[in-house]
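Coordinate inspection notes
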Amino acid sequence: MENNIIVDKSKSFALRIIKLSKYLTNDKNEFVLSRQILKSGTSIGANVKEAIRAQSKPDFYSKMNIALKEASETEYWLELLFESEYITSQEFNSIYPECEEIIKILVSITKTQNN
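Below you will find a few notes about this structure. This one's a predicted model, so the numbers in the text were calculated from it and none came from an experiment. (Residues numbered from 1 in each chain as written. Predicted model: local features only at pLDDT ≥ 70, side-chain atom pairs only at ≥ 80, totals over all residues. Heavy atoms only, no water.)

**Here we look at the nonpolar core**
Judged by nonpolar contacts, the single largest core of 28 residues is most densely connected at I6, F13, L20, L78 and L106. The set of elements that each furnish at least two residues to this core consists of helix 1 (5–27), helix 2 (32–52), helix 3 (57–83) and helix 4 (89–111). It is helix 4 that contributes the most residues to this core, nine residues altogether. Setting aside anything within four residues of it in sequence, one finds F13 in contact with G41, I44, T74, L78, I95, E98, C99 and I102. (Core = buried A, V, L, I, M, F, W, Y, C linked by side-chain atoms within 4.5 Å. Buried < 20%, exposed > 50% of the residue type's maximum accessible area, 1.4 Å probe, protein only. Helix = DSSP H or I, 4+ residues; strand = E, 2+ residues; numbered from the N terminus. Contact = heavy atoms within 4.5 Å.)

**Points about the environment of R16**
Along the chain, R16 turns up in helix 1. R16 sits 62 residues away from L78 along the chain, and the two C-alpha atoms are 12 Å apart. When sequence neighbours within four positions are dropped, the list of residues in contact with R16 reads S94, I95 and E98. A polar contact is formed between the side chain of R16 and the side chain of S94, at a distance of 2.6 Å. (Polar contact = N/O pair within 3.5 Å; in protein donor to acceptor, adjacent residues only side chain to side chain.)

As structure tokens, this is what we get:
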């Protein structure tokens, strides 16, 4: 799929999440939250890719809804990391808007399910 914005953005975001997880474990010695955000943050793109190859429209929307749930969970972990001072406001402000944008795109995609 060439130039699919949600595929591209979710993959780029996953790569940033991997780097964040490495930073948290290597530099901050944080292992619980880093694992949680790694799982949810990389799962977004995995579910989007599955949706692209869905067997039916209901399957497509199911996978996109799962991706949206994973993005919402990732948003939560980012907030916790910031509020618990594992990441700085600069680090938070660098990645959080990207997560919000992905959520908005996925909300838009899943809303068309009823149309």
